[in-house]
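What follows is each chain in one-letter form.
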Amino acid sequence: MSWSKSLRQIHRWISIIFTVTVAANFATMAFGQPPAWVVYSPLLPLFLLLVSGLYLFALPYMVKSSG
Ligand code: HEM
């Protein structure tokens, strides 16, 4: 599996983790103010999505190194 393909898979699966953390925020909000670690839990996956997503965006423009 090439580097760009595994990065696409990583981006894909982190997006699921990110979605779960956002859903957990809404779920815990039903019981009042969520604890701080729940509130901030989407930030790490969001940061990893940003980095891997920017790489995926740049891939088509890095034509010489075909990924
Ligand atoms: C935070 C900044 C993000 C950037 C810069 C970004 C960027 C990208 C780019 C460039 C692609 C490839 C599109 C293509 O050419 O096919 C992509 C794919 C994708 N992104 Fe993101 N993304 C970000 C965040 C997210 C978030 C928040 C989610 C969902 C919760 C998400 C879910 C996905 C999925 C599921 C794919 C398709 C992966 C695949 O091909 O299997 N991304 N993203």
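For clarity, every value in this text was computed on a predicted model and none was experimentally measured.

## So, the coordination of the iron atom of the ligand
Piece 1. With respect to protein ligation, the iron atom of the ligand binds only H11 (NE2), at 2.1 Å.
Piece 2. Mapping H11 onto the fold places it in helix α1 (residues 3-29).

## As for the site of the ligand
Piece 1. Around the ligand, a shell composed of R8, H11, R12, S15, F18, T19, L49, L50, G53, L54, L56 and F57 is seen.
Piece 2. R12 places a polar side-chain atom, nitrogen or oxygen, 3.3 Å from an oxygen atom of the ligand.
Piece 3. Only α1 and α3 (43-58) provide two or more residues apiece to the shell around the ligand.

About the cut-offs
Residues numbered from 1 in each chain as written. Predicted model: local features only at pLDDT ≥ 70, side-chain atom pairs only at ≥ 80, totals over all residues. Heavy atoms only, no water. Donors = N, O, S within 2.8 Å, 3.2 Å for Na, K, Ca; no water. Helix = DSSP H or I, 4+ residues; strand = E, 2+ residues; numbered from the N terminus. Near = heavy atom within 4 Å. Polar contact = N/O pair within 3.5 Å; in protein donor to acceptor, adjacent residues only side chain to side chain.

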